[in-house]
Amino acid sequence: MTAAASHHGRNPDRERFDSPRDIRAALLPEEVPAFDGAYQQALREASETLSLEALQSTLANWRRIAQMTQTDPAAHRRMLQQAERTLRTGQPPEGAVEWNQLRTELGV
């Protein structure tokens with residue numbers, strides 16, 4: 001297999017955030033407690049079930065969050081803040097469009 005062929009199909013973000021430590025380090029400080037809790041729960045489940053499925057799924061989820069965080073930390077923080085406001089108040093973000101309205105606008 002050539003070097004080019006062996007590189008094909010590799011996921012650079014998977015390698016960039018290969019370990020739980022790498023994922024945790026890439027998160028915003030306010031996300032770390034949620035990561036720690038999810039990671040510990042996945043480890044407990046793996047221990048009880050002798051299956052790594054939940055752990056792998058948890059790490060894949062947090063790997064995506066780490067990628068988004070590192071791509072634009074300020075935008076990611078704004079998204080978290082808006083989500084918190086929406087959950088707290090029940091009000092959609094300013095300028096939000098209802099799903100049916102969006103479908104109509106898109107002609108779907």
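Residues numbered from 1 in each chain as written. Predicted model: local features only at pLDDT ≥ 70, side-chain atom pairs only at ≥ 80, totals over all residues. Heavy atoms only, no water.

Looking at the pattern of salt bridges
Then, in step 1: With the rule as written, the count across this model stands at three salt bridges.
Then, in step 2: Between R77 and E30 there is a salt bridge whose closest N-O contact spans 2.8 Å. Residue R77 is found in helix α6 (residues 73-89), and its partner E30 is found in the loop between α3 (20-26) and α4 (32-49); the two are separated by 47 residues along the sequence.
Then, in step 3: Residue R77 is classed as partly exposed on the basis of its relative accessible area, which comes to 29%.
Then, in step 4: On the basis of relative accessibility, which here comes to 43%, the residue E30 falls in the partly exposed class.
Then, in step 5: Here E84 ties to R88 by a salt bridge, and the two come within 2.9 Å at their closest N and O atoms. Linking E84 with R88, this pair stays in helix α6, spanning four residues, or about one helical turn. (Salt bridge = Lys/Arg side-chain N within 4 Å of Asp/Glu carboxyl O. Helix = DSSP H or I, 4+ residues; strand = E, 2+ residues; numbered from the N terminus. Buried < 20%, exposed > 50% of the residue type's maximum accessible area, 1.4 Å probe, protein only.)

Side note on helix α7 (residues 99-106)
Then, in step 1: In terms of residue burial, α7 counts as a barely covered element, since only zero of its eight residues are buried.
Then, in step 2: Directly beyond the C-terminal end of α7, a positive phi value near 75° is found at G107.

A look at the packing of α4 against helix α5 (residues 53-71)
Two measures define how a pair of helices packs: the angle their axes make with one another and the distance between the axes.
Then, in step 1: It is at 8 Å that the axes of α4 and α5 come closest, and there the two elements cross at 160°. Here α5 runs roughly antiparallel to α4, going by the angle between their axes. The two elements α4 and α5 meet at a crossing, and its hand is left-handed. Of the residues in α5, those in contact with A34, F35, A38, Y39, A42, L43 and E45 of α4 are A54, L55, T58, L59 and W62.
Then, in step 2: Residues of the contact of α4 with α5, tallied by class, amount to ten nonpolar, one polar and one charged. (Axes fitted to C-alpha atoms, helices over the stretch in contact; angles between N-to-C directions. Parallel < 35°, antiparallel > 145°, perpendicular 65-115°, else oblique. Left-handed = near helix turned anticlockwise from the far one by under 90°. Contact = heavy atoms within 4.5 Å. Nonpolar A, V, L, I, M, F, W, Y, C, P; charged D, E, K, R; others polar.)

Thoughts on unusual backbone geometry
Then, in step 1: Positive phi outside glycine occurs at L50, with the angle close to 60°.
Then, in step 2: Among the structural elements, L50 can be located in the loop between α4 and α5.

Examining α6
Then, in step 1: Relative to the 24 Å expected for 17 residues at 1.5 Å per residue, α6 spans 24 Å between its end C-alpha atoms, a close match to the ideal helical length.
Then, in step 2: Of the residues flanking the end of α6, it is G90, one or two places downstream, whose phi is positive at about 80°. (Expected span 1.5 Å × (residues − 1).)

Focus on the nonpolar core
Then, in step 1: Counting residues in hydrophobic clusters, the biggest one holds twelve residues: F17, I23, A26, L27, V32, F35, A42, L55, L59, W62, I65 and A66.
Then, in step 2: Of all the secondary structure elements, the ones that give two or more residues to this core are α3, α4 and α5.
Then, in step 3: Considering every element that reaches this core, the biggest residue donor is α5, with five residues.
Then, in step 4: When near neighbours in sequence (up to four residues on either side) are disregarded, L27 contacts V32, F35, W62, I65, A66 and T69. (Core = buried A, V, L, I, M, F, W, Y, C linked by side-chain atoms within 4.5 Å.)

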